[in-house]
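Fold and geometry: a report
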Amino acid sequence: NIFLVIVFSVILSGCGSIKTGTENDCPDSSTDPVTYIIDSRGKFCNDNTYIIKATGLQDNKANVPDDKKSRAKRNAVLEAQYSLIEVFIGDRIETWSPMYEPPEEYVKGHALWKKDIIAIVKGGTILAESYDSALNCTILYVIQKKNLKQIKDMPFEEYTGDEK
């Protein structure tokens, strides 16, 4: 019985090298985006880095393989950026009663926060890319900012844009 437990433990520990997209598992540029396991909303891999996987389809308008790859890559980047906006801004939709005006600090902080998040998302980079036989592109797209995890959930009235 104890032998079986030891063997099972050894087998499980050997699986630790598989990239699973768990917390604090930041992939590198050699990671294959297709086999990297991560859900569609992406994840923080540390306090400063958020990663998302996206696929872009080539649109069959181009006849040259390089043009097809370029279009697929552009579509993958747009998909990643759209998904990140959805994750960051979509999670923070707040409503106010028509009878109540939000505080000025809240309104200013909210506008600045949205502007900064959009700039961070647009400033992201492709960490790794891969193409299938149809020349569709799958990427790992990364956004980084010091204390990004804290900024994501920061109350709008406290956000000044100076967070480091």
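Because the structure is predicted, anything quoted here is derived from the model rather than measured.

How each quantity is defined
- Residues numbered from 1 in each chain as written.
- Predicted model: local features only at pLDDT ≥ 70, side-chain atom pairs only at ≥ 80, totals over all residues.
- Heavy atoms only, no water.
- Core = buried A, V, L, I, M, F, W, Y, C linked by side-chain atoms within 4.5 Å.
- Buried < 20%, exposed > 50% of the residue type's maximum accessible area, 1.4 Å probe, protein only.
- Helix = DSSP H or I, 4+ residues; strand = E, 2+ residues; numbered from the N terminus.
- Disulfide = S-S within 2.5 Å.
- Salt bridge = Lys/Arg side-chain N within 4 Å of Asp/Glu carboxyl O.

1. Some details on the nonpolar core
- Counting residues in each nonpolar core, the largest one holds 26 residues, and the members touching the most others are Tyr-50, Leu-84, Phe-88, Ile-117, Ile-139, Tyr-141 and Ile-143.
- Listing elements by their share of this core, those giving two or more residues are strand 2 (49-56), helix 2 (65-88), helix 3 (104-122), strand 4 (137-144) and helix 4 (148-152).
- With 7 residues, helix 2 is the single largest residue contributor to this core.
- Cys-45, Ile-51, Ala-128 and Leu-140 belong to the second largest nonpolar core, which has 7 residues in total.

2. Details of the state of the cysteines
- Overall, the coordinates contain 1 disulfide when judged by the stated rule.
- Here Cys-26 engages in a disulfide with Cys-45; their sulfurs sit 2.3 Å apart. Because the sign of the S-S torsion sets the handedness, a value of about 95° for the bond joining Cys-26 and Cys-45 places this disulfide among the right-handed ones. Of this pair, Cys-26 sits in the loop between helix 1 (2-14) and strand 1 (43-46) while Cys-45 sits in strand 1, and the two are 19 residues apart along the sequence.

3. Remarks on the pattern of salt bridges
- This model, assessed by the stated rule, comprises 4 salt bridges.
- Glu-129 serves as the salt-bridge partner of Lys-73, at 3.1 Å between the closest nitrogen and oxygen. Of this pair, Lys-73 sits in helix 2 while Glu-129 sits in strand 3 (residues 125-131); the two residues are 56 residues apart in sequence, bridging distant segments of the chain.
- For the salt bridge of Asp-153 with Lys-152, the shortest nitrogen-to-oxygen distance reads 3.9 Å.
- Residue classification places Asp-153 among the exposed positions, given a relative accessible area of 53%.

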